[in-house]
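Results of the structural survey
The lines below spell out each chain.
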Amino acid sequence: MKLARILILSAGVALAISGAVPLLERIFADTKPAMQLNVKNAQPREVEDVTQNAIVRDYTLAWQAISTSLANNTLQPLNENFAGFALDKFTQRVKDQKQNGLTTRIIDHGHKVDAIFYSPDGAAIELKDTASIETQVLDGSTVIHSGQAQIHYYAVMTGAEDRWKVRVLESTAQ
Amino acid sequence: MRKAIYIGLVIALCWFAADCARAAELRVPQNAVAGQPLSIGTSGSGTLYLVGPGQVIKKEFKSGSVEIKGEELRSAGRWIAAIRGDSNQSQVFWVKPGKPGKLNFLARPSRVPVARPNVISGVTFVFDQYQNLILDPTPVNFNLSVGGSRFTKSVTSREGVAWINSASAPKAGAAQFVASVGDTSVARVVQQVAADPCERSFRMHVAGHAGNRTIVETDPIRDCSGNPVPDGTIVTFIQTDKTGKSTVDARIKKGTARAELPASDNATITVAAGVVLGNELHVGGRQ
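Residues numbered from 1 in each chain as written. Chains lettered and ligands numbered in written order. Predicted model: local features only at pLDDT ≥ 70, side-chain atom pairs only at ≥ 80, totals over all residues.

**Topic: the overall build of chain A**
A count of helical and extended segments in chain A gives four helices and six strands. Relative to its 174 residues, chain A shows a buried fraction of 32%. In chain A, once contacts between residues fewer than 6 apart in sequence are set aside, the share between residues at least 24 apart is 57%. (Helix = DSSP H or I, 4+ residues; strand = E, 2+ residues; numbered from the N terminus. Buried ≥ 20, exposed ≤ 12 C-beta atoms within 10 Å, placed from the backbone. Contact = placed C-beta atoms within 7 Å.)

**What about unusual backbone geometry?**
The step from A:Q43 to A:P44 runs through a cis peptide bond, and the omega angle for that step is -5°. Here A:P44 lies in strand β2 (residues 43-44). With an omega dihedral of -10°, the bond running from B:R108 to B:P109 counts as a cis peptide bond. Summarising the element assignment, B:P109 is placed in the loop between β9 (100-108) and β10 (111-113). Phi at B:A115 takes a positive value of approximately 55°, unusual for a residue other than glycine.

**So, the pairing of strand β16 (residues 184-193) of chain B**
Residues and elements named next belong to chain B. In this sheet, β16 lies alongside β10 in parallel orientation, the contact comprising three bridges. Residue pairing in the sheet places V112 in a bridge with Q192 of β16. Across nine bridges, strand β15 (residues 173-181) lies against β16 in antiparallel orientation. Of the residues in β16, the one forming a bridge with A174 is Q191. (Pairing = 2+ DSSP bridges.)

**Some remarks on the interface of chain B and chain A**
Contacts between the two partners involve 30 residues from chain B, matched on the other side by 30 residues from chain A. Contributing elements (two or more residues each) for the side of chain B that touches chain A: β4 (46-51), β5 (56-61), β7 (77-85), β8 (89-96), β9, β11 (120-128) and β14 (161-166) of chain B. The dominant element in the side of chain B that touches chain A, judged by the number of residues it contributes, is β7(B), at five residues. Here the residues of the side of chain B that touches chain A sort into 15 nonpolar, 10 polar and five charged. (Nonpolar A, V, L, I, M, F, W, Y, C, P; charged D, E, K, R; others polar.)

Here's what the structure looks like:
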């Protein structure tokens, strides 16, 4: 009898944990992703401390904007953090998602970022990012794809009026 | 024991068969290129979703292959192919950028003094015609020309970017700074202006007298490469005598600067532009 009680209790606890974990993941998905920036390999110019902090802040915001925009099919977060080709592409993606009734949930588990190029005049910086990302693509409420992967990205950011904006964000197989 | 092995084998067989069946249902080529057609193999019927970095394609299909036109497949990077219908599955595939078709060229600064080492920088990001960054090494030609002088350098891009640092030419004028890859080129203008006046030739003389004033004027002001210093540049004349100091800031007009100073029976006049000093004049007693 006691054994049966323990078993039922264990099953209940397991059930609660299995329900709570995805809920917590979703809560943390809206928070800022973890970002580690290494600037030792940046060429030809050294990245200043102030610039490092700004890049971490603004690249983090850009990824937050991607998550929000693709989950809700809204353009505003993109406009604030992207420019040029990257803005064109993500805007098109959001429009296509909206037109086809799709949404994308991104759970961002963090980024290891290397600055690989910092232009001589300090106007542009190129980053190589290894991102750990969990993605769910939904058609309405039906999940059509779900997966977690480490994805390599190249990002180019340029200085804008009050922040750095992402101009290029491209994933690559290597 | 024998029964257990038999059950295990059956399970393994079923698993393998299911895997084979799954592989047969969605076949995505792994060598897709942006701007080129793509054929995706399917079986059964349903809806095919292609979710790329910058676009989404959704198509209904019946058994066979789904053809994606070249102009539909524009974004390079990580794509997800998913089908819903007789079977539900998804797969990741990669699309590579096409040939170089666009350049982003940052040329700095827009205005620069002549004959200075490493003052002009050119940074080029190489893209295909669908705005995908080309990460494969690509030779980029930089060409900086003004008047008869020309500087050319070829740099192979690394991780999508090629850059150079260049000296400004000795001749003033609007320099054409061009970056090119194959038939694609982008031009920027870098205005090369005369540097500071040349100390050797920065001289003034008394040009005349007007009432109780002395008129001093410089010779045509040039930099050390012989380029005329632009009109509007400030030249400062300072006259010192027993009554004190008189200063006049005059702008260069038609190549020379001119000032009227109070007449004095014994004064010293100096002339300067920025950090460069010209000759010194003694007026009144002796010169």
